[in-house]
Amino acid sequence: MASGTALLYDEEMTRYKLLWVDPACKIEVPERLTVSWEALHNAGLSGRCIPLPVRQATEEEILLAHSQEYLEAVKKTPDMSLEELMTFTQQYGDVYFHPNIYHCAKLAVGASLQLVDAVMTGKVRNGLALVRPPGHHSQRSEASGFCVFNNVAIAALYAKKHFKIQRVLIVDWDIHHGQGLQYCFEEDPQVLYFSWHRYEHQRFWPNLRESDFDSVGKGMGAGFNINLPWNKARLMAPYFRGLLEHCDQKCLTWLLASLQVGMDSSDYLSVFFHVLLPVAYEFNPELILVSAGFDSAVGDPEGHMCATPEIFGHLTHLLMSLAGGRLCAVLEGGYNLTSLAQSVCQTVQTLLGDPPSRISGLSSPCESALESIQSVRAAHQQYWVCFKNADVSLWPDPGTKCSRLEGDTQAEEALKEGEMREIVWPEPPSRLAPPIRTGVTLPAGLEDDVLTSCFRVTGIPLTPNQVAKELWHPAVPELKDEKVLQSLGDILSLLKEIEKKEVRNGLAVVPNVSLAATFGVQHALTSLTDRVLLVFLGNEAPVELQEDGRVMLIQLCSTEPVETKSKFYVPICLKKSSSDVAGFLHAVLSLLLPLAYGYDPGMILAVMADCSLVGAVAWAQLIGLLQSFAQGHTLALIQGAEKEIIRVTAASLLGEPASTLGPLGPPLSENVKAVEKERQRLQTHWGLLQTTGEDHP
Ligand SMILES: NCCCNCCCCCS
Ligand SMILES: [Zn+2]
């Protein structure tokens, strides 16, 4: 199994810059790379990565995505005078040339291809290429948006050609639409291109009609191009026009700070749960390429978004469950040197396997984001079974270009002015990983290659009334059983190791999983946290829930649904759940993840009471995803000694990417209905569950 994170960087790529005055291009500076590289160094992250040498792309490689005449034209730029460079630049938009940019553009492509080679040959598991010029705007015969050659497009074509892979997922989280990538792959069903981008009904750069959600791909590529347009800022002008007359700069600044101009982490995560991840799992990619632009982070002069840098640690983690963890991230945009450096560090730290930091204060996506989510799901309903039951009743017409209200520009300039002065955000919290990743307590005789790299914890001897005290119940008869008592001692010692920050997560194999779960929850609440998420796979509910919100129980069962009004008890009843992997996954992505992010637990208990409910691979995927929460503090409890389940659980807790679920069939409609029913019931309490805009149908 491949391991290690590659980091590609060469300071040669800092040796070009804007040589004349051009307001549109002045933000693309060499310091973008140096601050990122220095931040990785100072955080001790680059030292943990595998440094790979950058190389120049060959002409043949560049010609995978660009025309001969374009390459010939760019090849002439190193010998051009300043005037000739300015003239040459005129023919393109929002880009500049420099005598050394051709050299750097070849290095940017070469770095991306080196990364693909290393990941596809198993030399490393994943990695980041810190490059400039960026690539996602450049097209077959055209430079655009600071981009000269399309690094990620060439990487995808190179991967298909040299490694014979047939399904590449490109995730473009840059705040601009990577039209170059869309044009390159819109007819190619082997490359699924996903981009979110500021759009504002075509009023944001690059102002293209084809950046809207109804551009779904063409011909054989229909369904394989997904555009998620952000349209929020258009709503700002009407508010401000009225106020501007009475508003001095200070009040406007306050107004800006209070009215979120851009999208935030709740919007980003909602798009992952309800648009990107369902399609990505159904597509079942063999490689993930990330057009990692960080102008979608707070403070960026282009993006004007509100999502703080730690969100990129989560977005990265969520993608690492796909393609067996084969993930190549390539830098695109990012123009606020502070949030860029922080976001790069958050991304690399997750690639290295450190637990994502907890994100509190998540709420529901804004109305405009919901409208976009609903529109995209509607537009793609015919191509992806995961959207079969999507609610499309309020599908707004694409391209409703809102007329440019007079006074807009004044409002928006004020917006820009006021806003840029005021934006500050907290440093991302440190994500210290305990020295030991996984502690285990197993019955003797369960030797296994994976388990040898776990830390074996010895149980704490317990007397029945010691346990009864923790369980709030007078001694239950089971406590007479020596094995049960010993298993509770095992759990206690694992939790104490986690509490002491010696161990990140743990696995215990126990004879009575319901009692173990109850005991584990109670102990965690007394000594570790005030919120425990219990994910329980089995039919008998392990704990009576108090409605105080200190425990959230998500129970996957196969029997008839129990009626409940509680917002902390989520019974998910799936028929034939072990064969309906798609149904299980639908439950995880559209219910479990949004609930867990909304709840923000300090501890996760993942309990497998009934191994027949899901297969080992689906369970391993779940264990992987659950490590997004509680700084990775996951305690897995398994009943019985099903060797395969134990092995995959330990592997996942150790950070091994779960193997892929393979092509998914359509989910059982009764299972989708059961999940949708719960989602509808809970979405007013837990906003991240929402998927539709105004006037929920
Ligand atoms: N404010 C100037 C409008 C044009 N900006 C071009 C942005 C290119 C981003 C590359 S990621
Ligand atoms: Zn950008």
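Residues numbered from 1 in each chain as written. Chains lettered and ligands numbered in written order. Predicted model: local features only at pLDDT ≥ 70, side-chain atom pairs only at ≥ 80, totals over all residues. Heavy atoms only, no water.

**Focus on the sheet that holds strand β2 (residues 50–51)**
And step 1. A sheet is described by the order of its strands in space; here 8 strands give the open sequence β2-β1-β3-β8-β7-β4-β5-β6, paired in parallel fashion. The outermost strands of the open sheet, each flanked by one partner alone, are β2 and β6 (225–230).
And step 2. Pairing of strand β4 (residues 168–172) with strand β7 (residues 287–292), which is carried by 5 bridges, proceeds in the parallel orientation. Within β7, the residue paired with V168 across the bridge is L287.
And step 3. Its contacts with the sheet put helix α10 (residues 265–283) on β4, β5 (191–198) and β6, and the angle it makes with β5 is roughly 170°. (Pairing = 2+ DSSP bridges. Helix = DSSP H or I, 4+ residues; strand = E, 2+ residues; numbered from the N terminus. Contact = heavy atoms within 4.5 Å. Axes fitted to C-alpha atoms, helices over the stretch in contact; angles between N-to-C directions.)

**A closer look at the coordination of the zinc ion (ligand 2)**
And step 1. Around the zinc ion (ligand 2), the protein contributes the donor atoms D174 (OD), D174 (OD), H176 (ND1) and D295 (OD), at 2.0 to 2.7 Å from the metal centre.
And step 2. Taken in chain order, the donor set of the zinc ion (ligand 2) reads D-x1-H-x118-D. Of this pair, H176 sits in the loop between β4 and α7 (179–185) while D295 is found in the loop between β7 and α11 (310–319), placing the two residues 119 residues apart along the sequence.
And step 3. For H176, a relative accessible area of 4% corresponds to the buried category.
And step 4. On the basis of relative accessible area, D295 is assigned to the buried category, the value being 0%. (Donors = N, O, S within 2.8 Å, 3.2 Å for Na, K, Ca; no water. Buried < 20%, exposed > 50% of the residue type's maximum accessible area, 1.4 Å probe, protein only.)

**A closer look at the packing of aromatic side chains**
And step 1. In this structure the tally under the stated criterion is 26 aromatic pairs.
And step 2. On the numbers, 6.4 Å between centres and 65° between planes, the contact of Y158 with F163 is edge-to-face.
And step 3. With a centroid separation of 5.5 Å and an interplanar angle of 40°, the aromatic rings of F273 and Y597 are classed as tilted. Here F273, found in helix α10, pairs with Y597, found in helix α19 (residues 581–599); they are 324 residues apart in sequence, far enough to count as distant.
And step 4. Residue class for Y597 comes out buried when judged on its relative accessible area of 3%.
And step 5. By way of ring pairs, the aromatic residues Y70, F88, Y92, F97, Y102 and F149 are connected into one cluster.
And step 6. A cation over an aromatic ring shows up here: R132 above the ring of Y16, its NZ or CZ 3.7 Å from the ring centre.
And step 7. Here K567 stacks its cationic end above the ring of W686, 5.1 Å away from the centre of that ring. (Phe/Tyr/Trp six-rings, centres within 6.5 Å; stacked < 30°, edge-to-face > 60°. Lys NZ or Arg CZ within 6 Å of the ring centre and 35° of its normal.)

**What about unusual backbone geometry?**
And step 1. Residues R132 and P133 are joined by a peptide bond in cis, for which omega reads 5°.
And step 2. Among the structural elements, P133 can be located in the loop between β3 (126–129) and α6 (151–163).
And step 3. Across the junction of W205 and P206, the peptide omega takes the value 5°, indicating a cis bond.
And step 4. Within the fold, P206 resides in the loop between β5 and β6.
And step 5. Not every positive phi belongs to a glycine, and H201 is a case in point at roughly 50°.
And step 6. Here H201 lies in the loop between β5 and β6.
And step 7. Judged by relative accessible area, which is 7%, H201 ranks as buried.
And step 8. Positioned with a positive phi, H304 is a non-glycine residue whose angle comes to about 55°.

**Concerning the confidence of the model for the protein chain**
And step 1. Taken residue by residue, the protein chain gives an average pLDDT of 91. The fraction at 70 or more is 91%.
And step 2. Below pLDDT 50 for its whole length, residues 401–410 participates in 16 contacts with residues either more than four positions away or in separate chains.
And step 3. This complex was scored by the predictor with a pTM of 0.94 and an ipTM of 0.98. (pLDDT = per-residue confidence, 0-100.)

**So, empty space enclosed by the protein**
And step 1. Across all of its chains, the model carries 7 cavities of 30 Å³ or more by this definition.
And step 2. There is about 290 Å³ of room inside the largest cavity.
And step 3. For the largest cavity, the lining is made up of 24 residues, of which P278, V385, C386, F387 and H586 are closest to its centre.
And step 4. For the lining of the largest cavity, the element with the highest residue contribution is α19, accounting for 5 residues.
And step 5. Here the residues of the lining of the largest cavity are counted per class, giving 12 nonpolar, 7 polar and 5 charged.
And step 6. When residues of the lining of the largest cavity are assigned to domains, at least three map to each of domain 1 (5–422) and domain 2 (438–688). (1 Å grid on protein atoms, 1.4 Å probe; cavity = no way out; pocket = protein on both sides within 12 Å on 5 of 7 lines; lining within 4 Å. Points joined across faces, edges and corners; volume = space filled by probe spheres on them. Nonpolar A, V, L, I, M, F, W, Y, C, P; charged D, E, K, R; others polar. Domains from an automatic or database assignment.)

**Some words on the packing of α11 against helix α12 (residues 337–351)**
And step 1. Remark: α11 packs on α12, axes separated minimally by 7 Å, with the N-to-C direction vectors making an angle of 35°. As α11 packs across α12, the resulting crossing turns out to be right-handed. Facing E310, F312, G313, T316 and H317 of α11, the residues of α12 in contact are S343, Q346, T347, T350 and L351.
And step 2. For the contact of α11 with α12, a count of residues per class yields 2 nonpolar, 7 polar and 1 charged. (Left-handed = near helix turned anticlockwise from the far one by under 90°.)

**Looking at the sheet that holds strand β15 (residues 603–608)**
And step 1. One open sheet accounts for 8 strands, arranged β10-β9-β11-β16-β15-β12-β13-β14; its pairing is parallel. Single-partner strands in this sheet number two, and they are β10 (455–456) and β14 (569–573).
And step 2. Summarising the sheet, strand β13 (residues 551–557) and β14 pair through 5 bridges and their orientation is parallel. Counted as the bridge partner of I554 is V570 from β14.
And step 3. Helix-sheet contacts for helix α20 (residues 616–626) involve β12 (532–537), β15 and β16 (634–639), and the interaxial angle to β15 is about 175°.

**Remarks on the domain arrangement of the protein chain**
How large an interface is tends to be reported as the accessible area lost when its parts come together.
And step 1. Domain annotation of the protein chain identifies domain 1 (5–422) and domain 2 (438–688).
And step 2. A separation of 36 Å is found between the C-alpha centroids of domain 1 and domain 2.
And step 3. Across the contact, 32 residues belong to domain 1 and 33 residues belong to domain 2.
And step 4. With both sides pooled, the region where domain 1 packs onto domain 2 buries about 2,800 Å², and carbon together with sulfur makes up 59% of that total.
And step 5. Looking only at domain 1, the three residues that lose the most surface to domain 2 are F273, Y281 and R358, adding up to 25% of its buried area.
And step 6. Put simply, domain 1 and domain 2 have 2 salt bridges between them.
And step 7. With a closest N to O distance of 3.8 Å, R125 and E656 form a salt bridge.
And step 8. Linking domain 1 to domain 2 there are 9 residue pairs in polar contact (both at pLDDT 80 or more).
And step 9. Looking at the side of domain 1 that touches domain 2, the elements that each hand over two or more residues are α10 and α11.
And step 10. With 9 residues, α10 is the single largest residue contributor to the side of domain 1 that touches domain 2. (Buried area = accessible area lost by both parts, 1.4 Å probe. Salt bridge = Lys/Arg side-chain N within 4 Å of Asp/Glu carboxyl O. Polar contact = N/O pair within 3.5 Å; in protein donor to acceptor, adjacent residues only side chain to side chain.)

**A short note on the pairing of strand β1 (residues 5–8)**
And step 1. Judged by which residues are buried, β1 turns out to be covered on both faces: T5 and L7 on one side and A6 and L8 on the other are all buried.
And step 2. In the sheet, β1 pairs with β3 via 4 bridges, with the strands oriented parallel. For L8, the partnering residue across the bridge sits in β3 and is A129.
And step 3. By the bridge criterion, 2 bridges tie β1 to β2 in an arrangement that is parallel. The partner of L7 across the bridge, within β2, is P51.

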